[in-house]
Amino acid sequence: MQQIITAYKDAWLNWNNFSGRSRRSAYWYAFLANVIIAFVLGFVSGLVEALTILTSLYSLAFLVPSIALAVRRLHDTGHSGWWYLIALTGIGCIVLLIWFCQDSQPDNQYGPSPIHRLTFLKKWEAARHG
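These notes cover the structure that comes with them. (Residues numbered from 1 in each chain as written. Predicted model: local features only at pLDDT ≥ 70, side-chain atom pairs only at ≥ 80, totals over all residues. Heavy atoms only, no water.)

### Comments concerning the packing of helix α3 (residues 52-61) against helix α4 (residues 63-76)
Then, number 1: Look at α3 against α4: their axes get within 4 Å of each other, and the N-to-C directions meet at 35°. Taking contact as the criterion, the partners of Ser59, Leu60 and Ala61 in α3 are, on α4, Leu63, Val64 and Pro65.
Then, number 2: Of the residues contributing to the contact of α3 with α4, the split by class is 5 nonpolar, 1 polar and no charged. (Axes fitted to C-alpha atoms, helices over the stretch in contact; angles between N-to-C directions. Helix = DSSP H or I, 4+ residues; strand = E, 2+ residues; numbered from the N terminus. Contact = heavy atoms within 4.5 Å. Nonpolar A, V, L, I, M, F, W, Y, C, P; charged D, E, K, R; others polar.)

### A look at helix α5 (residues 92-101)
Then, number 1: Regarding α5, the residues found buried are Gly92, Leu96, Trp99 and Phe100. In a view along the axis of α5, the buried residues occupy a sector of 100°, so they form one face of it.
Then, number 2: Residues of α5 that are buried make contact with α2 (24-47) and α4. (Buried < 20%, exposed > 50% of the residue type's maximum accessible area, 1.4 Å probe, protein only. Arc of directions from axis to C-beta.)

### A look at the packing of aromatic side chains
Then, number 1: Taken as a whole and assessed by the stated rule, the structure comprises 9 aromatic pairs.
Then, number 2: Residues Trp12 and Phe62 carry aromatic rings whose centres are separated by 5.2 Å and whose planes lie at 55° to one another, so their mutual orientation is tilted. Of this pair, Trp12 sits in helix α1 (residues 2-13) while Phe62 sits in the loop between α3 and α4, and the two are 50 residues apart along the sequence.
Then, number 3: Measuring from ring centre to ring centre gives 6.1 Å for Tyr58 and Phe62, while their planes differ by 5°; the resulting arrangement is stacked. Taken individually, Tyr58 and Phe62 each receive the classification buried, so the pair is uniform in this respect.
Then, number 4: Among the aromatic residues, ring-to-ring pairing joins Tyr8, Trp12, Tyr58 and Phe62 into one connected group. (Phe/Tyr/Trp six-rings, centres within 6.5 Å; stacked < 30°, edge-to-face > 60°.)

### Description of the pattern of salt bridges
Then, number 1: Tallied over the entire structure, the rule returns 3 salt bridges.
Then, number 2: A salt bridge links Arg24 to Asp103; its shortest N-O distance comes to 3.6 Å. Here Arg24, found in helix α2, pairs with Asp103, found in the loop between α5 and α6 (114-129); they are 79 residues apart in sequence, far enough to count as distant.
Then, number 3: Residue classification places Arg24 among the partly exposed positions, given a relative accessible area of 33%.
Then, number 4: Residue Asp103 is classed as partly exposed on the basis of its relative accessible area of 45%. (Salt bridge = Lys/Arg side-chain N within 4 Å of Asp/Glu carboxyl O.)

Take a look at the structure:
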């Protein structure tokens, strides 16, 4: 549960960061949190019609952070963020889904691999403490 909250919070904190990379787990945990929140807001707005605008405002507010996260995820798989526009074709959503499910690539033109960086930091912390 903590990983989901952390990934969701990071998506909001990096709302304007379209460079760098995001791990597969960070993308899917933030996606899951967004789906849960949207479902709850939709359910509540179904009960109280006056709150329907709340669901729309939330969806609009999370639009840019979700695009930024998707671009960083594409970078992690070795693709340009401009490939996100392929979703506009409809069939491109399948291609994006496949790319979003791929594992992180080693260091590439978009920066060092986040998974290798975390492994290095864990080893460094372990060596430092004992």
